[in-house]
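The primary structure of each chain is shown beneath.
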Amino acid sequence: MENMTKDVRVRFAPSPTGYLHVGGARTALFNWLFARKHGGKFILRIEDTDLVRSDDRMVTQILDSMKWLGLDWDEGPFYQSQRFSLYNAAIEKLLAEGKAYYCFCDAEKLKEMREAARKRGGSFQYDRRCLNLGQDEIERLLKQNVPKAVRFLVPEAKPKVHDAVHGDIAFDSKNIGDFVIKKADGSPTYQLAVVVDDHDMGITHVIRGDDHYNNIPKQTMIYEALGYTAPQFAHVPLILAESRAKLSKRNAAVAVSDYRESGFMPEAVANFLALLGWSPGDNREIMSKAELIEAFSLGSISKANAVFDVKKLEWMNGQYIRLLSPDELFERAKPLLVDAGLLSEKSADDKKEWIKNILVILQERVRKLGDYPSAAGYFFTCDFDYDERGVRKQFTNPQAANVLEMLGGRFESSADFSLESIESTIRGLADELEIKASKVIHPARLACTGRTVGPSLFHLIEILGKDRTVERLQKAAAFVKRLV
RNA sequence: GCCCUCAUCGUCUAGUCAGGUCUAGGACACCGCCCUUUCACGGCGGCGACAGGGGUUCAAAUCCCCUUGAGGGCGCCA
């Protein structure tokens, strides 16, 4: 069982070398859910020990994505780059106790060793040549300021560890070579820093991706060597692309910001991510944050990797869109409409009620807020082409021009432009001409929107208004005449 | 190559830990029907899986072994 004897403290520790991707977001979400479930603390730590690849701008990006998803943290962000003295103290301690040693091998030499090992057909393990250096030799190299790293002296051990997802697991340290804990540039490596920090920050549960699974024994040995108690581990399965390959920029949209920009709702993305590798155990799917928190547990995380299915995310997003009130819809969709150049921010606010009507009439027809600009475009401009197949089907009828013209005339002369009168005008015209209502409706839709599909024609015309409707019907009538 | 992990419909999963209630449940996607002015929504129905082979057992999707497949790791990246 999960250790609940002390207050839960978990952390999300991204490295600022890229955007927050969906896998990282899911890891963050699981940590967050676990913290909230147990009334614990969710800590944010930036793992920027790689002086070369870390980028401050990425920190902002990652934080923005987390805020967007609603993953608020209680402490941090802490930066590893500001905590080097802590790591150095630990490294000195290990060195002094003979649990680590200096290594003067340079990158080139190591590369050769690695290649040779692989050619022989085996995994590379450092051969400890620097461990076996004589004391005089070490002093000499130190005095000469030869660049040096520090390696952890891997003891012979078979660390037994419990993982909340995988259960009891055992490792054999003979498969692990002495790894570097301090680089020649003075910075600590991940393996060392993560242990020192998790201990220092009082982390009780380390919830992270399965790609860290093989780090368990290394870190366990460091905990041991430093005299620390290791936290509980929970390694969650990875998220794969449709090809079952690692999710990457090449095969899918991976950055959380991509989904934000294409008009997904954060609630839907979080809900979807929560269900990737975890399930409440019953058949619930659409779940609020509160419900997720209530139902979440490490034990019900699945062991198998999951494929990211955008189709299901879109469906789920559609479910969330349908839950929105007209006002919420307006607030959320407005930026997308403005960005698409359909109208200015100011005119959006001026015509708020009208725009709300548009958004609501399309609410069941969009799956992403980002679908709105193209779905609603014809409300904002008369400058559109007629759907080709629609033209062939609706506008090649010799009657069509006449029908459109007559309908335009009726609308123009009608004083009342209510939904009811629009419908009765259209149906009335069909009756008089002794044709089916659909023979009027379909050409009229094409004339008014350029499309063969869309919301109820009566409602759409009501929103469009009398002037625009009449204008479009006349324009279409002229178009049909030229065609015939 | 070596080490590790995982394995239920095309996809996400329930069921596996405590073997029988599983002719394996739900969701997405797909197909059909209904609703309907089209599309969508919604409703109803269909298609569709325990990777393979050995054991253990009265009984295995569930336990054990092997094979296969997939993923991860083997960095002075994290």
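This one's a predicted model, so the numbers in the text were calculated from it and none came from an experiment.

Q: Just checking my understanding: could you explain the environment of His-442 for this structure?
A: Relative to the elements of secondary structure, His-442 occurs in helix H19 (residues 437-449). Along the sequence, His-442 and Gly-390 sit 52 residues apart, while their C-alpha atoms lie 8.7 Å from each other.

Q: How do you make sense of the pairing of strand S1 (residues 9-12) when you look at a structure like this?
A: Two faces make up the sheet, and in a regular strand the side chains alternate between them. Neither face of S1 is open: one carries Arg-9 and Arg-11, the other Val-10 and Phe-12, and all of them are buried. The pairing of S1 with strand S2 (residues 41-46) spans four bridges and is parallel. Within the sheet, the bridge partner assigned to Arg-9 lies in S2 and is Lys-41. Between S1 and its parallel partner S2, the chain crosses via helix H1 (residues 22-37), and the hand of that crossover is right-handed.

Q: Explanation requested: the sheet that holds strand S8 (residues 180-182) in the structure shown.
A: Either a parallel or an antiparallel arrangement is found when strands of a sheet pair, and the pairing is made through backbone hydrogen bonds. If you trace the three strands from one edge of the open sheet to the other, you get S4-S5-S8, paired in antiparallel fashion. The sheet is open, and its two borders are formed by strand S4 (100-103) and S8, each paired with just one other strand. Averaged over neighbouring strand pairs, the angle between their axes works out to 45° when direction is ignored.

Q: What am I meant to see in unusual backbone geometry here?
A: What is expected of a backbone is that most residues other than glycine have negative phi and most peptide bonds are trans. Pro-77 follows Gly-76 through a cis peptide bond whose omega is 5°. With respect to the helices, strands and loops of the structure, Pro-77 is situated in strand S3 (residues 75-79). Notably, Asn-145 is not glycine yet its phi reads approximately 60°, a positive angle. Structurally, Asn-145 can be placed in the loop between helix H5 (135-143) and strand S5 (149-152). Given a relative accessible area of 66%, Asn-145 falls into the exposed group. With phi around 70°, Arg-244 is a residue other than glycine that occupies positive phi space. Checked against the element boundaries, Arg-244 lands in the loop between strand S11 (239-240) and helix H8 (256-261).

Q: I tried to follow the packing of aromatic side chains on my own but got confused; where do I start?
A: Pairs of aromatic rings are described using the distance from one ring centre to the other and the angle between the two planes. For the structure on display, the rule yields 16 aromatic pairs. With a centroid separation of 6.2 Å and an interplanar angle of 80°, the aromatic rings of Phe-384 and Tyr-386 are classed as edge-to-face. Of the two residues, Phe-384 and Tyr-386, both sit in the buried class. The cationic tip of Arg-151 hangs over the ring face of Tyr-126; the distance from NZ or CZ to the ring centre is 3.8 Å. Over the ring of Phe-179 we find Lys-218, and its NZ or CZ is 5.4 Å from the ring centre.

What counts, and at which threshold
Residues numbered from 1 in each chain as written. Chains lettered and ligands numbered in written order. Predicted model: local features only at pLDDT ≥ 70, side-chain atom pairs only at ≥ 80, totals over all residues. Heavy atoms only, no water. Helix = DSSP H or I, 4+ residues; strand = E, 2+ residues; numbered from the N terminus. Buried < 20%, exposed > 50% of the residue type's maximum accessible area, 1.4 Å probe, protein only. Pairing = 2+ DSSP bridges. Right-handed = clockwise from strand over helix to strand, strands pointing away. Axes fitted to C-alpha atoms, helices over the stretch in contact; angles between N-to-C directions. Phe/Tyr/Trp six-rings, centres within 6.5 Å; stacked < 30°, edge-to-face > 60°. Lys NZ or Arg CZ within 6 Å of the ring centre and 35° of its normal.

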